[in-house]
Amino acid sequence: MTDPTSTTTIAPRPYESYVYAYPHKTAYRPLTDRPALSALWAGERKDALSLYLHIPFCEVRCGFCNLFTRIGAPGELTTRYLDALDRQASAVADALHAHPVPGTTEASAGPVRFAAAAFGGGTPTFLTAGELERLCDIAEKRMGADLRAVPLSVETSPSTATADRLSVLADRGATRLSIGVQSFVEEEAKAAVRPQRRSDVEAALGRIRDARIPVLNIDLIYGIDGQTPRSWRLSLDAALAWRPEELYLYPLYARPLTPLGRRAHPSEAGWDAQRLALYRQGRDHLLAQGYEQVSMRMFRLPGAPREGADDYACQTDGMIGLGCGARSYTSDLHYSFDYAVGMREIRTIIDAYTVTEDFSRAEVGRAVDADEARRRHLLQSLLQAEGMAAADYQERFGSGPFDDFPAELNRFAGLGWLDTDAGPGLLRLSPEGLAHSDALGPALFSPAVRAAMASYELK
């Protein structure tokens, strides 16, 4: 692969890595000082926080999935997990509300307010209706989030989107349901190790619409073994029949330690060409159907409520993550718990989480210095279809993006990835740049983060 800071115009592979967080968890390390949360959040703005609750359980493990989740929850594991989540929420709430002001013994008077909330996983609707009620209570009564007054996004699956669960979520303020369908073609779903019947998927979509949650998002995947332009069009049209407010189109990745990662795949060049062609087909079809492109992956109906965080927006400072797979962000530290992909290691981490009593300190994370903050801002903004106003970057950092990243941005321009018609002061990707987001994003990783990710021991 070419040097990411080189100005050469040789294009890298289009599917290097999906940048859904920066720095990635594989760059995190145990924090030797285990800083107290109260100290980490002292001095931080707390008037527009995001709240994320992570449920690490699924009914099946999809072949492409490298998320932190396990299959099933034997015994009383979900109860024990929610008990631990409750203890963690109490500790975090205490830290947020009782910061000492630096240099004094006085508590910070800054307001604590949540502007958005999300339940993810895993599959949050793996929980029963009663357990979902308890999850909402933790968010509201422990953390103080008003779920009926802020956007609340929840992930679900066809088999767990039952009427009783959806009723709870609708009553408690859910504004967005995201369902991972991946393919409406049963043979393709099986090839992705996601066995499901189309009739069950359609029934689940009907129940979601009956629940009258304002935003329905459907996830689809392209690049599945055996998928053709014709079968891809079938899935696209099947999703469009529900006129979802949002659609996400994901390229298939075969990541290490996942079921698909252990299989043989077509040549890299052939698979890349197939995925890129299917992406363009899907993009063009959705645009022709009146959808707007928000990012490489996300498409939205014009006028639809903006009830969920756009791609990469959840990486802004001020994130509170609860659960053993969740991340939290302050302005200069990202932290979480240990990370794994292998099922045995995930089970061990979840079991350890459920018996933890003291959640007052950060255990695993990575510091974010001024250079990394600039990279994050550029990534988050540039990977959005609307682009980034250079003045906003200048106001935040006191320098311009071309001042800080001349080699990278000039290389992107040489590849045709920057929109030359964007207008003065706007840095925006061209359609080809958006198509290559999974190459562009990793090209902005710092050498230190790259080294940490490369030295991470997969488990």
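Model, not experiment: these values are computed from the prediction. (Residues numbered from 1 in each chain as written. Predicted model: local features only at pLDDT ≥ 70, side-chain atom pairs only at ≥ 80, totals over all residues. Heavy atoms only, no water.)

Quick word on the nonpolar core
Here's step 1: Ranked by internal contacts, the top residues of the largest apolar core, which has 128 residues, are L51, M143, L220 and I320.
Here's step 2: If one sorts the elements of this core by residue count, helix α2 (residues 77-97) sits on top with 11 residues.
Here's step 3: In contact with L220, not counting residues within four places along its chain, are V181, Q182, S183, F184, W232, S235, L236, A239, L247, Y248, L249 and Y250.
Here's step 4: Y52, M319, A326 and Y329 belong to the second-largest nonpolar core, a separate cluster that totals 7 residues. (Core = buried A, V, L, I, M, F, W, Y, C linked by side-chain atoms within 4.5 Å. Buried < 20%, exposed > 50% of the residue type's maximum accessible area, 1.4 Å probe, protein only. Helix = DSSP H or I, 4+ residues; strand = E, 2+ residues; numbered from the N terminus. Contact = heavy atoms within 4.5 Å.)

Things to note about the packing of α2 against helix α3 (residues 129-142)
Here's step 1: Viewed as axis vectors pointing N to C, α2 and α3 meet at an angle of 10 degrees, and their least axial separation amounts to 10 Å. Our classification of the angle between α2 and α3 gives roughly parallel. Of the residues in α3, those in contact with T78, T79, L82, D83, L85, D86, A89, S90 and A93 of α2 are E131, R134, L135, I138 and R142.
Here's step 2: Tallied by class, the residues present in the contact of α2 with α3 amount to 6 nonpolar, 3 polar and 5 charged. (Axes fitted to C-alpha atoms, helices over the stretch in contact; angles between N-to-C directions. Parallel < 35°, antiparallel > 145°, perpendicular 65-115°, else oblique. Nonpolar A, V, L, I, M, F, W, Y, C, P; charged D, E, K, R; others polar.)

Some points on unusual backbone geometry
Here's step 1: The amide bond that connects Y22 to the next residue, P23, takes the cis arrangement and shows omega of -5 degrees.
Here's step 2: Tracing the chain through its elements places P23 in the segment before β1 (29-30).
Here's step 3: Here G121 and G122 are connected by a cis peptide whose omega angle stands at 15 degrees.
Here's step 4: Located in the positive-phi region is Q182, a residue other than glycine, with phi close to 75 degrees.
Here's step 5: Along the chain, Q182 falls in strand β7 (residues 176-182).
Here's step 6: Of the residues examined, Q182 reaches a relative accessible area of 9% and is grouped as buried.

Considering the environment of Y279
Here's step 1: The topology assignment puts Y279 in helix α8 (residues 268-288).
Here's step 2: When its relative accessible area of 0% is taken as the criterion, Y279 is described as buried.
Here's step 3: When neighbours within four sequence positions are excluded, Y279 is seen to be in contact with Y15, Y222, Q293, M296, L434 and A435.

Observations concerning the environment of Q227
Here's step 1: In this fold, Q227 is placed in the loop between β8 (215-222) and α7 (229-240).
Here's step 2: Take Q227: its relative accessible area is 6%, and that puts it in the buried class.
Here's step 3: Setting aside its immediate chain neighbours within four residues, Q227 contacts E188, I221, Y222, W232, Q274 and L278.
Here's step 4: There is a polar contact of 3.2 Å between the side chain of Q227 and the backbone oxygen of I221. (Polar contact = N/O pair within 3.5 Å; in protein donor to acceptor, adjacent residues only side chain to side chain.)

Quick word on helix α10 (residues 370-382)
Because an α-helix packs 3.6 residues into every turn, residues spaced three or four apart end up facing the same way.
Here's step 1: Taking 1.5 Å per residue as the helical rise, α10 with its 13 residues ought to reach 18 Å, and the 18 Å between its terminal C-alpha atoms agrees with that figure.
Here's step 2: Of all 13 residues in α10, 11 are buried; the element is thus mostly enclosed.
Here's step 3: Where α10 is concerned, the buried positions are E372, A373, R374, R375, R376, H377, L378, L379, Q380, S381 and L382.
Here's step 4: Near the N-terminus of α10, the side chain that reaches the backbone nitrogen of D371, with its oxygen 3.2 Å away, is that of D369. (Expected span 1.5 Å × (residues − 1).)

Description of the side chain of E140
Here's step 1: In this fold, E140 is placed in helix α3.
Here's step 2: For E140, a relative accessible area of 18% translates into the label buried.
Here's step 3: Here L147 takes part through its backbone nitrogen, which lies 3.3 Å from a polar atom of the side chain of E140.
Here's step 4: Beyond its immediate stretch of four places on either side in the chain, E140 contacts A145, D146, L147, R148 and R172.

With respect to the pattern of salt bridges
Here's step 1: The final tally for this structure, using the stated rule, is 26 salt bridges.
Here's step 2: R198 is the partner of E202 in a salt bridge, and the nearest nitrogen-oxygen pair spans 3.1 Å. You can see E202 and its partner R198 sitting in helix α6 (residues 198-210), 4 residues apart, about one turn around the helix.
Here's step 3: In the salt-bridge network here, residues are joined through shared partners; they are E133, D137, E140, K141, R148 and R172. (Salt bridge = Lys/Arg side-chain N within 4 Å of Asp/Glu carboxyl O.)

Digging into the confidence of the model for the chain
Here's step 1: Here the chain averages 90 in pLDDT, and 89% of its residues register 70 or above.
Here's step 2: pLDDT under 50 marks residues 1-8. Its contacts with residues more than four places away, or in other chains, come to 17 contacts.
Here's step 3: Under a pLDDT of 50 for its full length, residues 309-315 has, in the predicted model, 27 contacts with residues more than four places off or in other chains. (pLDDT = per-residue confidence, 0-100.)

Some thoughts on the pairing of β8
Here's step 1: For β8, the tally of buried residues reaches 8 of 8 residues, placing the bulk of the element in the interior.
Here's step 2: What you see with β8 is no split at all: V215, N217, D219 and I221 on one side and L216, I218, L220 and Y222 on the other are buried throughout.
Here's step 3: In terms of strand pairing, β7 meets β8 through 6 bridges, oriented parallel. When the sheet's bridge partners are listed, L177 is paired in β8 with L216.
Here's step 4: Where β8 and strand β9 (residues 246-251) come together, 6 bridges link them in parallel fashion. Directly across from N217, in β9, lies its bridge partner E246. (Pairing = 2+ DSSP bridges.)

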